[in-house]
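Each chain, written out:
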Amino acid sequence: MTITVASRHDKSGPGAQRQQDRPGARRTTRRSGRLRHVSLPYLLLLPALLLELLVHLVPMLMGIVMSFRELTQFYISNWSEAPWAGLGNFRMAVDFDAPVGQALLKSFLTTCLFTVCSVGLCWLIGTAAAVFLQERFRGRGLLRTLFLVPYALPVYAAVITWVFMFQRDNGLVNHVLHDQLGIGGDPAFWLVGDNAFWALLTVSVWKGWPFAFLTLMAGLQNIPRDMYEAAALDGAGVWKQIRHITLPSLRPVNQVLVLVLFLWTFNDFNTPFVLFGKAAPESADLISLHIYQSSFQTWNFGTGSAMSVLLLLFLLVVTGVYLLVTSRGKKAKARA
């Protein structure tokens, strides 16, 4: 009888042991589940990160290494054996008294002017179109679709079409301006001389403003209509509503939009390359095409890589300053 009672109260049997281990097993299962839940996003991002590493980071690092070497056509087969140049390529690029530095500086200033004009016009046209299409009217969906066509077209197909349109004798631009409207004297050469800058700017704005329109149109959807109705009841007209409601509400969207348009436009290579070929006119010599010419036409890849590194540093500095200024503006507005 005593043995029976003891066996009943004994908690060291197999069933009791399983009951004691069950909470620990549950905790282990929960930890493994949390680990899988946390690591799953990183595992899904891993293929994209590897592709980004191969496509962008590795060539960028190789370009930085090449900028410190005297890499010419004699060392193309084995660029690692090129003589070490140190900062010589950078000194040559920023020596504005020498022809190489003067040409780079002029190309840089041309690119700055082109970027300011292109980004400003893209933002202005995109804002006007987005505000105009906020109101419901018949055919609004068709206009939205037509406005997005330049952004949806492939870059090469669109720019090649503009090349034919800018032809002096058979182009549509001269036909409309000279034959139909009677503007100017002789038909103009749009792809050479000083007119090349305006041709490049036209194509860039035509290609870029639909992105601004799409971004701003999405931002306008978050503005409550009650604010416009209240402003209208207070006697505010259309321009006052845009100034005091639309633009302040779109400030976060505009901050990102302007930065993206700036980076895209300043680094644009496809548009001038397809429009003018390997050698752009002096008035449209953007820095991206200038670096390409310095590398692949003079076969001085060390100097071209140094120019690319300087361009990268410039864009990083501008982006950092821009984000710092905009973040301070947000903090000051939040405190107020």
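Since the structure is predicted, the reported quantities are computational estimates derived from the model, not experimental observations.

Draft legend 1. The side chain of N174, seen in detail. Of note, N174 is situated in helix 8 (residues 172-180). Within polar-contact distance, the side chain of N174 engages the backbone oxygen of R168 at 3.0 Å. At 2.9 Å, the side chain of N174 and the backbone oxygen of A188 are in polar contact. When near neighbours in sequence (up to four residues on either side) are disregarded, N174 contacts Q167, R168, D179, P187, A188 and W190.

Draft legend 2. View of the pattern of salt bridges. According to the stated counting rule, one finds two salt bridges in the structure shown. Of the charged contacts in the structure, one is a salt bridge between E282 and K106, with a shortest N-O distance of 2.2 Å. Linking E282 in the loop between helix 13 (270-276) and helix 14 (287-296) with K106 in helix 4 (residues 99-132), this pair joins segments that are 176 residues apart in sequence. Its relative accessible area of 55% is what places E282 among the exposed residues. One salt bridge connects D169 with R168, and the closest N-O pair in it is separated by 3.0 Å. Using a relative accessible area of 62% as the deciding quantity, one classes D169 as exposed.

Draft legend 3. Local environment of the layout of surface pockets. Its volume calculated, the largest pocket comes out at about 820 Å³. Around the largest pocket, the lining comprises 23 residues; the ones closest to its centre are I291, G304, S308, V309 and L311. If you list the elements that add at least two residues to the lining of the largest pocket, you get helix 2 (14-66), helix 14 and helix 15 (301-335). Residues of the lining of the largest pocket, tallied by class, amount to 15 nonpolar, eight polar and no charged. There is about 370 Å³ of room inside the second largest pocket. For the second largest pocket, the lining is made up of 16 residues, of which V155, K207, W264, D268 and T271 are closest to its centre.

Rules and cut-offs
Along each chain, the written sequence defines residue order, and numbers are assigned to residues from 1. Two thresholds apply to this predicted model, a pLDDT of at least 70 for residue-level local features and 80 or more for giving and counting side-chain atom pairs, whereas whole-chain, interface and lining totals are computed over all residues. Heavy atoms from the whole structure form the basis of all side-chain values; hydrogens and water molecules are not counted. Here a strand is any run of E in DSSP of at least two residues, a helix any run of H or I of at least four, and the numbering for each starts at the N terminus. In protein, a polar contact requires one atom able to donate a hydrogen and another able to accept it; more generally it is a pair of N or O atoms within 3.5 Å, and residues adjacent in sequence count only if both atoms are side-chain atoms. Two residues qualify as a contact provided that any one of their heavy atoms is within 4.5 Å of a heavy atom in the partner residue. Criterion for a salt bridge: a side-chain nitrogen of Lys or Arg within 4 Å of a carboxyl oxygen of Asp or Glu. Burial classes: relative accessible area under 20% of the type maximum marks a residue as buried, over 50% as exposed, and values in between as partly exposed (1.4 Å probe, protein chains only). Using protein atoms alone on a 1 Å grid, points that fit a 1.4 Å probe yet trap it form a cavity, whereas open point sets bounded by protein on both sides within 12 Å along at least five of seven lines form a pocket; residues with an atom within 4 Å of a point count as lining. Grid points are joined across faces, edges and corners, and a volume is the space filled by probe spheres set on the points. Gly is put with the polar residues, along with every residue not named as nonpolar or charged; the nonpolar set is Ala, Val, Leu, Ile, Met, Phe, Trp, Tyr, Cys and Pro, and the charged set is Asp, Glu, Lys and Arg.

Function cannot be inferred from these measures alone, as they are strictly geometric.
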